[in-house]
There are 2 protein chains.
Amino acid sequence: MTAPRIGVIGGGQLARMMQPAAINLGIHLRVLAQSPTDSAAQVIPDTVLGAHDDLAALKAFAAECDIVTFDHEHVPTEYLVELQEMGVQVRPGPHALQYAQDKLDMRAKLSQAGIPCPEWAEITSDADLDRFSAIVGYPLVLKTARGGYDGKGVWVVDDRDEALRVIKEIVASNTRVLAEELVPFTRELAAQVARSPQGQCVAYPVVQSLQTNGICHEVISPAPNLSDERATSAQEIAIKIAAALDVTGMLAVELFDTGERIVVNELAMRPHNSGHWSMDGAVTSQFENHLRAIADWPLGSPAAKAPLSIMVNLLGGDLGDLHLAFRHVMARDPQIKVHLYGKDVRPGRKIGHVNLIGSNIDDLKERAWHAANYLTGVIDE
Amino acid sequence: MTAPRIGVIGGGQLARMMQPAAINLGIHLRVLAQSPTDSAAQVIPDTVLGAHDDLAALKAFAAECDIVTFDHEHVPTEYLVELQEMGVQVRPGPHALQYAQDKLDMRAKLSQAGIPCPEWAEITSDADLDRFSAIVGYPLVLKTARGGYDGKGVWVVDDRDEALRVIKEIVASNTRVLAEELVPFTRELAAQVARSPQGQCVAYPVVQSLQTNGICHEVISPAPNLSDERATSAQEIAIKIAAALDVTGMLAVELFDTGERIVVNELAMRPHNSGHWSMDGAVTSQFENHLRAIADWPLGSPAAKAPLSIMVNLLGGDLGDLHLAFRHVMARDPQIKVHLYGKDVRPGRKIGHVNLIGSNIDDLKERAWHAANYLTGVIDE
């Protein structure tokens, strides 16, 4: 049967979690992984070893694919242009991906498109810093334009001296400096959409996400106490960004909610941690819709299967062997869905997540956090 | 991480559909397939080629496994005993599997355990046939004790002459002859349970299944218009059989419903077509619970996620390329879940299924059958 041959660059857990969806859809996945023990390489037979920043490896990999997509956003866009010139469909394309790679480009593009952002400026001199701090005051936020993730590459600075030290550090790492106001948010939200090349777009319920040390830890779908009006507004922002940037596949828009306004924090152009709940809680998971979107097939319903879904990440802790704790967790709660990534446990590393669906938020939180804490060794009873 | 290494004998779609569940649970699956193009071999990296009736191949395969299970029930039980003697856990074990392999042994065992069965007898002579037909009359049912599946190995005979011809044919194929009354059933039901070695057992909702030419075609969960009392009775029958036969893993009990009584038709000791709805409609799919059961982990909730689920099989038809029809089916109904097995299309062959959840039975039937008929070329609008 002639499904497109889809290549995924990067062998992390996002590529791994595309495989169940691909199996159901009859899609042959191929993955470019660094090592045969990579999370995705363990479960995808057609694994090719190579680096995502090695042009020759990318070309050899893509030559056997109809469509290429990503586990992460780190492939140099100029390499992706070369893959396009080979006749391979790159989705999302480099013209979109650049805005997920460079936060300054992203801020400029979103501001131009009328998307609500925090106050921001590029900092190229002490004078730039002083001009910007005069507007937003201290503390303010400094970011590397490129290369940050999971809380890395982001600093909250309290005064001018600290700001100058951080700026010097960023410049030394050879990337541009983005300054942003410190948004007084009361919580973080995320709006996810899937968009296909022909422009079909579906919006998932807007979720609330809770970070620990800059790493996503808990997601609740839909976000509690969010009015329909504000939820729709967040979905519209995500749809507008997907269209303005011509994103194909999944787009996650991370948002700050101040209680009065919603502004865009970050973008991710791939399946995203804020959508893992959809594996058990939505009619169509984000991984299936990512594949359908990049194959330019009609998209699946993003509707929830239950009034509420919760996801709690498993962040590596003291327990080296998660399966030792399986029996307890599974026996305590037959409805808990455990998802493991086949990764060695290291402190703070995302090694899996648990999902749970239901209708009572307090009940779901207690149960999902108990399972996650038990599996990671935070609690032992 | 130390999950058990689970080996699946047979590379068909049931082994294939265990892989998404194994990926989530962090279980390494290994499959013994006939060919690298087998349904499961396409999606499981650790594929070993070999035949299920080749003892040397089975031993080499099992040597790298902690637990061995099955895609089908055709492995000779004496070979499984040899695997057990190597120290490998065989689940279900040969002592249980024999009753899925031999319908005469099954009838004898179930009758002994007080399970409601059709009237039955072994036929070893013309006199046996006459004695039995005097009790149940013609037409009656003749079956090969071994080797039948999907309607093959079953005959409804109208008179003595036809019966004698069929008996001669069965005896020539070197298996024993089972005669059964022709149960005047109004519909077929199936009751599925998962059972672990330590004896934990969970029961799925009792479903209604519709056969075409002896092949399962449609399953509705839960079975419409089935009283709680009768549903519970069907679940109790399945639980009782699982315990009496010491089944581990999934057990499917196919039942005839006459409107007045429920009797057991066939058994399957593995994930079964009547449980494919659970992939999208239950908290825990039959494939996940099969793996949890044979790993002796606590079982997951078999509860439904929606008031109703429907599954319709894709039986090979005129359309050689199912993906050509994907766009239409997916665009017409964003809630349809298509599951393909990666198999070449041959007339009447099971090549996939569609699932749909909802609350209105007529609506679900119309939509699921439209999708299945369109995908298989029965209709083109």
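If you're wondering where the values come from, they're calculated on a predicted model, not measured in any experiment.

A. Representation of the overall build of chain A in the model. Scanning chain A for helices and strands turns up 12 helices and 18 strands. Taken over C-alpha atoms, the radius of gyration comes to 21 Å for chain A, in line with the 21 Å a tight globule of 381 residues would show. Referenced to the eigenvectors of the C-alpha coordinate spread, the extents of chain A come out at roughly 60 × 55 × 40 Å. Residues classed as buried in chain A amount to 52% of the 381 residues present. Considering only contacts within chain A whose residues lie at least 6 apart along the sequence, 63% involve residues at least 24 apart.

B. Quick peek at helix α5 (residues 103-112) of chain B. All names here are of chain B. Those residues of α5 lying buried are K103, L104, M106, R107 and L110. The buried side chains of α5 occupy one side of the element, clustering within an arc of 160 degrees when seen end-on. Two residues or fewer past α5, G114 is found with a positive phi of approximately 80 degrees.

C. Representation of the interface of chain A and chain B in the model. With 34 residues of chain A in contact, the opposing surface of chain B contributes 34 residues. Among the elements of the structure, α1 (13-25), α11 (322-332) and β17 (337-340) of chain A are those that each provide at least two residues to the side of chain A that touches chain B. Partitioned by chemical class, the residues of the side of chain A that touches chain B number 20 nonpolar, 10 polar and 4 charged.

D. Layout of the sheet that holds strand β1 (residues 6-9) of chain A. All names here are of chain A. The 5 strands lie next to each other as β3-β2-β1-β4-β5, forming an open sheet whose pairing is parallel. Only two strands of the sheet have a single partner each, and these edge strands are β3 (47-49) and β5 (89-90). For strand β4 (residues 67-70) and β5, the ladder comprises 2 bridges, and the chain directions are parallel. From the neighbouring strand, I67 faces β5, where its bridge partner is Q89.

E. Quick peek at the sheet that holds strand β9 (residues 177-181) of chain A. Residue and element names in this part refer to chain A. With antiparallel pairing, 4 strands are arranged side by side in an open sheet as β6-β9-β7-β8. Each having just a single partner strand, β6 (120-123) and β8 (154-157) make up the two edges of the open sheet. Adjacent strand axes in the sheet meet at a mean angle of 25 degrees when their direction is disregarded. Pairing between β6 and β9: 4 bridges, direction antiparallel. From the neighbouring strand, E122 faces β9, where its bridge partner is L178. Running at roughly 50 degrees to β9, helix α5 (residues 103-112) makes contact with β6, β7 (140-144) and β9 of the sheet.

F. Looking closely at the nonpolar core. Counting residues in hydrophobic clusters, the biggest one holds 202 residues, and the most contacted among them are L251(A), V253(A), L251(B) and V253(B). Setting aside residues up to four positions removed in sequence, V253(B) forms contacts with A190(B), A191(B), I237(B), A238(B), I241(B), V264(B) and L267(B).

G. Summary view of the pairing of strand β16 (residues 308-315) of chain A. Residue and element names in this part refer to chain A. By the criterion of burial, β16 is predominantly enclosed, with 8 of the 8 residues buried. Alternating positions in β16 separate into two faces, L308, I310, V312 and L314 on one and S309, M311, N313 and L315 on the other, with burial throughout. By the bridge criterion, 4 bridges tie strand β13 (residues 215-221) to β16 in an arrangement that is antiparallel. Note that in β16 the partner of E218 across the bridge is V312. Of the pairings in the sheet, the one linking β16 to strand β18 (residues 350-358) comprises 8 bridges and is antiparallel in character. Counterpart to L308 in the pairing with β18 is G358.

H. Molecular detail of the relation of the copies chain A and chain B. Once chain A has been moved 0.0 Å along the axis and rotated by 180 degrees, it coincides with chain B to within an RMSD of 0.0 Å. Between the two chains, the operation in question is that of a two-fold axis. Taken as a fraction of all interface residues of chain A, those also at the interface in chain B reach 100%, which identifies the copy contact as same-surface.

I. Main features of the environment of V219(B). All names here are of chain B. Tracing the sequence through the fold places V219 in strand β13 (residues 215-221). It is 8.2 Å that separates the C-alpha atoms of V219 and G275, two residues lying 56 residues apart in sequence. Once residues lying within four places of it in the same chain are set aside, the contact partners of V219 are V207, S209, S274, H276, W277 and M311.

J. How the structure looks around the pairing of strand β17 (residues 337-340) of chain B. Residue and element names in this part refer to chain B. Residues K337 and H339 line one face of β17 and the alternating positions V338 and L340 line the opposite face, and both faces are buried. One ladder, built from 4 bridges, connects β17 with strand β18 (residues 350-358); its direction is antiparallel. Residue pairing in the sheet places K337 in a bridge with N355 of β18.

K. Representation of helix α12 (residues 361-375) of chain B within the structure. Residues and elements named next belong to chain B. The terminal C-alpha atoms of α12, which comprises 15 residues, lie 21 Å apart, in line with the 21 Å expected from a rise of 1.5 Å per residue. For α12, the complete set of buried residues consists of L364, R367, A368, H370, A371, A372, Y374 and L375. Its buried side turned inward, α12 meets β16 (308-315), α11 (322-332) and β18. A positive phi of about 85 degrees marks G377, the residue just after α12.

L. A look at unusual backbone geometry. With an omega of -10 degrees, the peptide bond running from S221(A) to P222(A) counts as cis. Counting through the fold element by element, P222(A) comes out in the loop between β13 and α8 (228-244). In this model, R91(B) is joined to P92(B) through a cis peptide bond whose omega is 0 degrees. Even without glycine at this site, N213(A) takes up a positive phi of about 50 degrees. By secondary structure assignment, the location of N213(A) is in the loop between β12 (207-212) and β13.

M. Summary view of the confidence of the model for chain A. Model confidence for chain A is summarised by a mean pLDDT of 95, while 98% of its residues fall at 70 or above. In the model output, the complex is listed with pTM 0.96 alongside ipTM 0.94.

N. Molecular detail of the packing of helix α2 (residues 55-62) of chain B against helix α3 (residues 77-85) of chain B. Residues and elements named next belong to chain B. α3 packs onto α2 with a crossing angle of 35 degrees between their chain directions and a minimal axis gap of 10 Å. Crossing hand, α2 versus α3: right-handed. Contacts between α2 and α3 pair L55, L58, K59 and A62 from the former with Y79, E82 and L83 from the latter. Tallied by class, the residues present in the contact of α2 with α3 amount to 5 nonpolar, no polar and 2 charged.

Reading guide: rules and limits
- Residues numbered from 1 in each chain as written.
- Chains lettered and ligands numbered in written order.
- Predicted model: local features only at pLDDT ≥ 70, side-chain atom pairs only at ≥ 80, totals over all residues.
- Helix = DSSP H or I, 4+ residues; strand = E, 2+ residues; numbered from the N terminus.
- Rg over C-alpha atoms; globule rule 2.2 N^0.38 Å.
- Buried ≥ 20, exposed ≤ 12 C-beta atoms within 10 Å, placed from the backbone.
- Contact = placed C-beta atoms within 7 Å.
- Arc of directions from axis to C-beta.
- Nonpolar A, V, L, I, M, F, W, Y, C, P; charged D, E, K, R; others polar.
- Pairing = 2+ DSSP bridges.
- Axes fitted to C-alpha atoms, helices over the stretch in contact; angles between N-to-C directions.
- Core = buried A, V, L, I, M, F, W, Y, C linked by C-beta atoms within 7 Å.
- Least-squares fit on C-alpha atoms with pLDDT ≥ 70 in both.
- Expected span 1.5 Å × (residues − 1).
- pLDDT = per-residue confidence, 0-100.
- Left-handed = near helix turned anticlockwise from the far one by under 90°.

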